Amino acid sequence: MEPLRWMKRWQKRLRSLVRTSAVDRELDEELAFHLEMETRKHLRAGMTPQEASREAKLAFGALGQHRGDTRDARWLAWFPDLSMDFKLGGRMLVKYPGLTLVGGLAMAFGIWAGAVTFEMVTMLQNPRLGLPESDRIVQLRNYDVQERRAESRSLHDFLRWRESLRSVSDLGAYRDIERNLEVRGGDGRPVQVAEISASAFLLAPTKPLLGRTLSAADERAGAPPVAVVGYEIWRSRFASDSAVVGRSVQIGGVYATVVGVMPEGFAFPVSHELWMPLRVDGLDRSPRVGPAISMFARLAPGATLEEAQTELALIGRRTAAELPQSHQNLQPQLLQYAKPFDAPSGDLLMALAIPGFAVMLLVLVCGNVALLLFARAATRENELIVRSALGASRARIVVQLFAEALVLGGIAAAIGLAAADFGLRRWGGPFLKENMGTLPFWYQPQVSAATVLYAIGLTLLAAVVAGVLPALKVTSGMGARLRQTAAGAGGLKFGGVWTAVIITQVAFTTAFPALVFLEQRMMVRVQTFEAGFPTEQYLAAFLEPGDAPAEGAYVSADVAREKEGLLFQTDLEAVRRRVLAHPAVMGVAFIDRLPREGHRESLVELDEAQGLSAAVPATAGDGSEVIPKAPLNEVQTAYVDASYLDLVRAPALAGRLLLPGDLAPESRVVVVDQGFVDQVLLGRNAVGRRVRFAHRGDGAGSMSDNTRPWYQIVGVVKELGMGAPTQRGRAAGVYMPVVPGVKGPTNMMLHVRGDPLTIIPDVRAAANAVNPTLRLPSIQRVDQVTSGVMWVLKLWMRMTVLLTAIALLLSLAGIYAVLSFTVSRRTREIGIRVALGANARRVVVSLFKRPLTQVGIGVAVGGAMAGAFLVWIMSCQDGTCTDSGLVTPVRVAVLVLYLLLVLGVCLLACIVPTRRALAVEPLVALRAE
């Protein structure tokens, strides 16, 4: 019975909240009934109707008081009062439009920053697949504990696991490959292909837009080649042809029949655009041999991730016991499907995984909004004191001011979330692609439900900071201030916390432009970074090796790579000949990295045994001469063919350029640029010097006299865009001759008459004629190499400028609020001083003293922060922080002028309150309170 009574009690309480008028009507009816019964009792006692009614009312007392007590006794009765507070908060927003605009904009920016940061970090750290039962979709892999990397050549284990595992279902695999897609009238650009098991379409059950998906029959040996294309491929390459099903297309070196088209957004398993059946028959199934594959599955009904991992580990131990040579270091792993993909680069993770930064930014912004709301609440001090005198508790007044701040925060949250969703959809994807490359299909930058909840939490935090804290300050000691105000003295005053808020805001406002300066300087460096030749006349095509010829079985990885490399070299030379036959092409050469793109970093050691060093040789114990070891210098190396320097028309400043004979294995020669001469050789003669290299990650710290070959410098050229334009300092470059294709994927550069972009279709056609499986994923003019970097820099520039503008606006509003409050509190004092003949200048000085001190301290602190930051940034070159002479008197003068500008702009906020103070009439001032 007790739970039933509890439920009825709460039902009545909720009804009293939802149907207030009905409950009040029932209360009135009940009171009227009892009053009538009391009247009838007095009538039976012999009283007249008038006397009986009067005695009944006297017995019951004040009916209105009974009604009020009953309403107050209801649980949740404070909701109607809170709704009134929200209505009052809305009226206050209309009454103070300036505060609404400034405070709302500031809070919206803080919530926007928090929402964007939270969404990006959540998307990267806790990805959501968006598939049915996505939490039960897993990935299986082998992990080499000795080499600390995943072993992808797992065809042997895939076939065994598919037969043995019972805790998973729909186990499949895929190969991630890239193939040229040749369509009539198309350009043959490569697409991301998944050679995949048909079970993938059971894990991601999506009805095709046209035709069908892959089936198990398509995986059998001898089945005709088929393909399923994605929506974007169907739209862009097939012109949304509804009759595409049944059409034959060339995918790499294979002709396949299109059997289906997937709907928009489908990209399983990662970010694929076309699907072909994975056929394992005929492939070498030996352990750790064969193609690189990835595996996926769904947990079987009733099975847990831990149970599946335990079963997989047991099978792994059995395999290791049977095949110790190949499997003793392999550890089978079973992971949530999206987890292996959620590890972005360290720099990006550092930039995004700081949600606390957004919270601190919001607290800083809301601290300024709290200052504005405190000044507004202070102007309503008399109103609040009267309410307190009429019986309103301190908590009631605090709730009212909190509700007003919450109304402002709610509007700001709506604006901030809308801006965050727009920004994520518009710029989030391109930003991630620029930093991470191709994105998995589950990375969909947009505001999610979790982000909305997070924004609601930020809004409540903002309302507490901007509403509750000022309310507590306003309502503290209210009775004592009432007596002081009546006596014409004192009143509410700003304390040290608000002074610290203003100083902090001004300091950050002053320091933020240092970031703008850094970003602007980086943009100018990127735009003006010279390549040493007219890059707009050159076309660059990135080439990747085509398919290796089928051999019936897979050989070892080393042998396969060697054969693929020899085939790639042959293809590159054939493409060179075909492209050179084009009438607009004046020259072709190959290079591993493009100018202005950044090259491989290496450590170089000079052969000081040549007697060109000032060091004095020492003598060993046996009397032999010991050559002192030269320090290692960091340089950037480029692998080029012998014609590259001729292609870019770089004259030899000393010695000679590279020759075809330098490609011979026994010919170890290099050409260096002027940066190498100036920074490594310190201006000494380079031709004839011997050097050797240790690349990053190749054990450079253990370089010894006999482990690495020596190279002879045969020439010096001018600097040709070696190094990335975003790196600090000047690059030291080395050009090493190599046969095109030896180092894997490479760039083909063409010197073209006219606009290089016009011959892109001809270049693709030439590559396709040589080998249909050769891939050209990107073709661009060489001057467009830094376009992606410029896009990111411009985005950060806009965000920094926006942040600086909002900070400056808040500073002006805060100073204005403080001075306006000061003037309003000192109206009587100012009037008396003016009536007594006080000089207007002395009145202005007394008014300016406090804000001038606050702004001055803030500007000084911000200037010190900006100066220290700029000195550090400009003097940290080449990995060392020394004075590089970039801190010039002109830059110091510009910084000082900016500080004076900030000081002047902030003090502009004092003009209106000061003019209002000087216009006060003495008699009006004496009656002001």
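Everything below is about the structure printed above this text.
The structure contained in this document is the topic of the report that follows. This one's a predicted model, so the numbers in the text were calculated from it and none came from an experiment. (Residues numbered from 1 in each chain as written. Predicted model: local features only at pLDDT ≥ 70, side-chain atom pairs only at ≥ 80, totals over all residues. Heavy atoms only, no water.)

### Looking at the environment of E182
Here E182 lies in strand 3 (residues 168-182). For the pair E182 and Y255, spaced 73 residues apart in sequence, the C-alpha to C-alpha distance is 9.5 Å. Leave out the neighbours within four places in its chain, and E182 touches G188, V249, Q250 and N768. (Helix = DSSP H or I, 4+ residues; strand = E, 2+ residues; numbered from the N terminus. Contact = heavy atoms within 4.5 Å.)

### Structural notes on the pattern of salt bridges
Scanning the entire structure with this criterion turns up 20 salt bridges. For the salt bridge of E151 with R153, the shortest nitrogen-to-oxygen distance reads 3.2 Å. On the basis of relative accessible area, R153 is assigned to the partly exposed category, the value being 24%. Here R235 makes a salt bridge to E232, at a shortest N to O gap of 2.5 Å. Residue R235 and its partner E232 are located together in helix 9 (residues 231-237), separated by 3 residues, close to a single helical turn. Take R235: its relative accessible area is 41%, and that puts it in the partly exposed class. Under the relative-accessibility criterion, E232 is labelled partly exposed at 39%. Connected through shared salt-bridge partners, D144, R149, E151, R153 and R288 make up one network. (Salt bridge = Lys/Arg side-chain N within 4 Å of Asp/Glu carboxyl O. Buried < 20%, exposed > 50% of the residue type's maximum accessible area, 1.4 Å probe, protein only.)

### Focus on the packing of helix 7 (residues 155-164) against helix 10 (residues 305-322)
Put simply, helix 7 and helix 10 touch, their axes get as near as 11 Å, and they point 130° apart. Our classification of the angle between helix 7 and helix 10 gives oblique. Crossing handedness for the pair helix 7 and helix 10: right-handed. For the pair formed by helix 7 and helix 10, the contact residues are H156, D157, R160, W161 and S164 on the first element and E311, L312, I315, T319 and E322 on the second. For the contact of helix 7 with helix 10, a count of residues per class yields 3 nonpolar, 3 polar and 4 charged. (Axes fitted to C-alpha atoms, helices over the stretch in contact; angles between N-to-C directions. Parallel < 35°, antiparallel > 145°, perpendicular 65-115°, else oblique. Left-handed = near helix turned anticlockwise from the far one by under 90°. Nonpolar A, V, L, I, M, F, W, Y, C, P; charged D, E, K, R; others polar.)

### Here's the deal with the side chain of R781
Examined against the element boundaries, R781 turns out to sit in strand 24 (residues 775-781). Within the structure, R781 has its side chain in polar contact with the side chain of D783 (distance 3.0 Å). In contact with R781, not counting residues within four places along its chain, are E536, Y538, L539, D755, P756 and L757. (Polar contact = N/O pair within 3.5 Å; in protein donor to acceptor, adjacent residues only side chain to side chain.)

### Considerations on the pairing of strand 6 (residues 226-229)
Side-chain alternation along strand 6 places V226 and V228 on one buried face and A227 and V229 on a second face that is also buried. Sheet topology note: the strand 6/strand 9 (residues 274-277) ladder contains 2 bridges and is antiparallel. Its bridge partner lying in strand 9, V228 is registered against W275. (Pairing = 2+ DSSP bridges.)

### Observations concerning the packing of aromatic side chains
All chains considered together, the criterion is met by 16 aromatic pairs. Ring geometry for F268 against F296: centres 5.7 Å apart, planes inclined by 75°, an arrangement best described as edge-to-face. With F268 in the loop between strand 8 (254-261) and strand 9 and F296 in strand 10 (residues 294-299), this pair connects stretches of sequence that are 28 residues apart. Aromatic rings pair up to connect Y174, F268, F296, Y337, F441, W442 and Y443 into one cluster. (Phe/Tyr/Trp six-rings, centres within 6.5 Å; stacked < 30°, edge-to-face > 60°.)

### Observations concerning the environment of E119
Assignment of secondary structure puts E119 in helix 6 (residues 97-125). On the accessibility criterion, E119 (1% relative accessible area) is buried. C-alpha separation for the pair E119 and P445, spaced 326 residues apart in sequence, amounts to 7.5 Å. When residues no more than four places from it in sequence are discounted, the contact partners of E119 are R128, L424, Q446, V447, S448 and T451. Only 2.8 Å separates the side chain of E119 from the side chain of S448, close enough to count as a polar contact.

### Brief notes about unusual backbone geometry
With an omega of 15°, the peptide bond between F268 and P269 qualifies as cis. For P269, the location among the structural elements is in the loop between strand 8 and strand 9. With a phi angle near 55°, S240 is a residue other than glycine that sits in the positive phi range. Position of S240 relative to the elements: it lies in the loop between helix 9 and strand 7 (248-251). The exposure class of S240 is partly exposed, given its relative accessible area of 33%. A positive phi angle is found at L682, which is not glycine, with a value near 55°.

### Brief notes about a nonpolar patch on the surface
Together, V452, L453, I456 and L460 make up a nonpolar patch on the protein surface, roughly 350 Å² of accessible area in all. Here L453 is to be found in helix 16 (residues 449-475). Of the residues examined, L453 reaches a relative accessible area of 60% and is grouped as exposed. (Patch = residues over 30% accessible without salt bridge, like charges linked within 9 Å, V, L, I, M, F, W, Y side chains within 5 Å. Areas by Shrake-Rupley, 256 points an atom, 1.4 Å probe, with all protein chains shown as cover.)

### Considering the nonpolar core
By size, the foremost hydrophobic cluster in this structure holds 48 residues, and its most contacted members are L129, I196, L214, F268, W275 and Y337. When contributions to this core are tallied by element, the ones reaching two or more residues are helix 6, strand 4 (190-196), helix 8 (200-203), strand 6, helix 15 (394-436) and helix 23 (787-825). When residues in this core are grouped by element, the largest group, 9 residues, is from helix 6. The residues touching L214, leaving out its near neighbours within four places in the chain, are I196, A198, F201, V226, V228, W275, M276 and P277. Judged by nonpolar contacts, the second largest core, of 27 residues, contains I591, V648, L720 and M722. (Core = buried A, V, L, I, M, F, W, Y, C linked by side-chain atoms within 4.5 Å.)

### Describing helix 22 (residues 760-770)
Among the residues of helix 22, those classed as buried are I760, V763, R764, A766 and A767. Each buried residue of helix 22 sits inside an arc of 160° when the element is viewed along its axis, so together they form one side. (Arc of directions from axis to C-beta.)

### Quick look at the pairing of strand 13 (residues 585-591)
Most of strand 13 sits inside the fold, with 6 of its 7 residues counted as buried. Direction of pairing for strand 13 relative to strand 23 (residues 746-752): antiparallel, over a ladder of 6 bridges. Bridge pairing in strand 23 links I591 to N747.

### Details of the packing of helix 6 against helix 16
Orientation of helix 6 relative to helix 16, taken along the N-to-C sense of each, is 145°, at an axis distance of 9 Å. The two elements helix 6 and helix 16 meet at a crossing, and its hand is right-handed. When helix 6 is examined against helix 16, the residues M107, I111, G114, A115, F118 and E119 are found in contact with a partner set consisting of A450, T451, Y454, A455, L458, T459 and A462. Taken together, the residues that form the contact of helix 6 with helix 16 break down as 9 nonpolar, 3 polar and 1 charged.

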